[in-house]
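# Notes for the structure review
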Amino acid sequence: MKKSFLFISCEEAKHICDKAQYNEASIWEHFKLSLRLMYCRITKSYSSKNKQLSKVIETSEVKCLKAEERRRLQNQFNEALSEQQQTN
Amino acid sequence: MPKHVIDPNKWVNLYSDYLFNYTISRVNDRDIAQDLISDTFLAGLKSMKNFKGEASERTWLISILKRKIIDYYRKINSNKGKAEIRMSYINSEESEGDWLEERVADPSDKTAEDTLVNSELGDAIYDCLEKLPQKQAEVFKMKTILGYDTETICNELEITPSNLWVIIHRARTALAECMEENWF
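Residues numbered from 1 in each chain as written. Chains lettered and ligands numbered in written order. Predicted model: local features only at pLDDT ≥ 70, side-chain atom pairs only at ≥ 80, totals over all residues. Heavy atoms only, no water.

## Section: the overall build of chain B
Convention followed: Helix and strand labels come from DSSP, where a helix needs a run of H or I of at least four residues and a strand needs a run of E of at least two; each type is numbered from the N terminus. Buried means the residue's accessible area, taken with a 1.4 Å probe over protein chains only, is under 20% of the maximum for its type, while exposed means over 50%, and partly exposed covers the values in between. Residues count as neighbours in contact if any of their non-hydrogen atoms are within 4.5 Å of one another. Accessible surface is estimated by sampling points in the Shrake-Rupley manner with a 1.4 Å probe; for residues, cover comes only from the protein chains shown.
When helices and strands are counted, chain B shows 8 helices and 0 strands. For chain B, the sequential pattern of α-helices and β-strands runs α-α-α-α-α-α-α-α. For chain B, with 184 residues in total, the buried portion stands at 39%. The contacts in chain B between residues at least 6 apart in sequence include a share of 64% that link residues at least 24 apart. In the structure as shown, chain B presents an accessible area of about 11600 Å², 50% of it carried by carbon and sulfur atoms.

Here it is, written out as structure tokens:
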């Protein structure tokens, strides 16, 4: 089936919606998503939950370790773990 | 038979982010938070034989971490903290009385209640994140919490951008469902 340049599938709409949460969707993608949101309940429901999730994460101000910080922690801990195993 | 078993090999992967989120909101310094987590894991390793298995590993580690945080504040209060308390406006006649206005609480400041809600919300998010496959949780945290761009994550984890978006989609769908059950 020929792919429409204006009307997108539900899957594509969800993908654009995901990108939009990170400000990575283009204006054209936003437009196509808005068009789909006018008639597709599934996209509308997904979009609403997706936005709610983004808002909750933002409100929570939740934090996590950066990759290199976790690696450093893991290395320190591995050393202690192997020392402990040697003494046992 | 104990309800929970202990396996220190998985601690860093499973609990370091949760412990970090708990600590950073209390000490407000990334380096200190990491030191406290490292101390917690080491203390946990030394006292593994005391783990009875009645609580989960995470709860047990948090109880150790709480003591570490209290010790940290005790230490800075006994050394540096007390010496650093300064009284301003003492010698300034011109600004006499200004301090009253300047010390009125800023309405945008967080209240204890806000902090509590955020802390509970953070716990709920981490509870849901723990249910995700490790890779999904890792990509989601890098993209959403750390705010890394797509290229950085793809290079770090050696995945393609389309792969990243598939992972993000799965993670977001599962998280939204989990949060709907537990929070919304």
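## Observations regarding the packing of helix α4 (residues 67–87) of chain A against helix α2 (residues 30–46) of chain B
In helix packing, the relevant descriptors are the interaxial angle and the interaxial distance, both defined with respect to the helix axes. Selection criterion: The axes used here are C-alpha line fits, helices contributing only the stretch in contact, and every angle between their N-to-C directions lies in the interval 0 to 180 degrees. An angle counts as roughly parallel when it lies under 35 degrees, as roughly antiparallel when it exceeds 145, as roughly perpendicular when it falls between 65 and 115, and as oblique in every other case. Left-handed describes a crossing whose near helix is turned anticlockwise from the far helix by less than a right angle; the clockwise case is right-handed.
The interhelical angle for the contact between α4 of chain A and α2 of chain B, taken along N-to-C directions, is 25°, at an axis separation of 10 Å. Accordingly, the angle class assigned to the pair α4 of chain A and α2 of chain B is roughly parallel. α2 of chain B is crossed by α4 of chain A, and the crossing has right-handed handedness. For the pair formed by α4 of chain A and α2 of chain B, the contact residues are Glu 69, Arg 72, Leu 73, Gln 76, Phe 77, Ala 80, Leu 81 and Gln 84 of chain A on the first element and Arg 30, Gln 34, Ile 37, Ser 38, Phe 41, Leu 42, Leu 45 and Lys 46 of chain B on the second.

## Describing the domain arrangement of chain B
All names here are of chain B. Defined as follows: Annotation comment: domain bounds sourced from an automatic or database domain assignment. Summed over both partners, buried area is the accessible surface (1.4 Å probe) that two parts give up on being assembled. We count a salt bridge whenever a side-chain nitrogen from Lys or Arg sits within 4 Å of a carboxyl oxygen from Asp or Glu. Polar contact criterion, stated in full: a pair of N or O atoms within 3.5 Å, where within protein one must be able to donate a hydrogen and the other to accept it, and residues adjacent in sequence count only if both atoms are side-chain atoms.
Here chain B is described as being made up of domain 1 (8–78) and domain 2 (112–182). Of note, the centres of domain 1 and domain 2, computed from C-alpha atoms alone, are 22 Å apart. With 9 residues of domain 1 at the contact, the number on the domain 2 side is 9 residues. Of the roughly 690 Å² buried between domain 1 and domain 2, counting both surfaces, carbon and sulfur atoms make up 39%. Among the residues of domain 1 in contact with domain 2, Asp 17, Tyr 18 and Arg 58 are the three that bury the most area, contributing 55% of the side total. There are 3 salt bridges connecting domain 1 and domain 2. Put simply, Arg 58 and Glu 130 hold a salt bridge, and the shortest N to O gap is 2.9 Å. The tally of links from domain 1 across to domain 2 stands at 5 residue pairs in polar contact (both at pLDDT 80 or more).

## Comments concerning the UniProt feature "domain: RNA polymerase sigma-70 region" (unreviewed entry) in chain B
Going by this rule: UniProt positions are given in the numbering used here, feature names are shortened, and annotations may be inferred rather than shown by experiment.
When the UniProt feature table is mapped onto this chain numbering, "domain: RNA polymerase sigma-70 region" (unreviewed entry) sits at residues 13–75 of chain B. Annotated as 81% helix and 0% strand, the span residues 13–75 of chain B places its first and last C-alpha atoms 29 Å apart.

## Concerning the interface of chain A and chain B
Chain A puts 36 residues into the contact, and the matching count from chain B is 43 residues. On the chain A side of the interface with chain B, the three residues burying the most area are Tyr 22, Cys 64 and Phe 77 of chain A, jointly 18% of the side's total. Where chain A meets chain B, there are 5 salt bridges. Here Lys 49 of chain A makes a salt bridge to Glu 180 of chain B, at a shortest N to O gap of 3.8 Å.

## Looking at the UniProt feature "domain: RNA polymerase sigma factor 70 region 4 type" (unreviewed entry) in chain B
In the numbering used here, UniProt assigns the "domain: RNA polymerase sigma factor 70 region 4 type" (unreviewed entry) feature to residues 123–175 of chain B. Overall, residues 123–175 of chain B shows 83% helix and 0% strand. The separation of its end C-alpha atoms is 13 Å.

## Considering the state of the cysteines
Going by this rule: Count a disulfide wherever a pair of cysteine sulfur atoms falls within 2.5 Å.
Enumeration according to the criterion identifies 1 disulfide over all chains in this entry. A sulfur-sulfur separation of 2.1 Å characterises the disulfide bridge that pairs Cys 128 of chain B with Cys 178 of chain B. Judged by the sign of its S-S torsion, about -80°, the bond between Cys 128 of chain B and Cys 178 of chain B is left-handed. Separated by 50 residues along the polypeptide, Cys 128 of chain B in helix α5 (residues 112–131) and Cys 178 of chain B in helix α8 (residues 161–182) bring together distant segments of the chain. Cys 178 of chain B matches Cys 128 of chain B in its accessibility class, with the two residues each being buried. Here Cys 40 of chain A stays free of any disulfide, with the sulfur of Cys 10 of chain A as its closest cysteine sulfur at 3.9 Å. Residue Cys 40 of chain A is classed as buried on the basis of its relative accessible area of 8%. Of all cysteine sulfurs in the structure, the one in Cys 64 of chain A sits closest to Cys 154 of chain B, which takes part in no disulfide; the separation is 17 Å.

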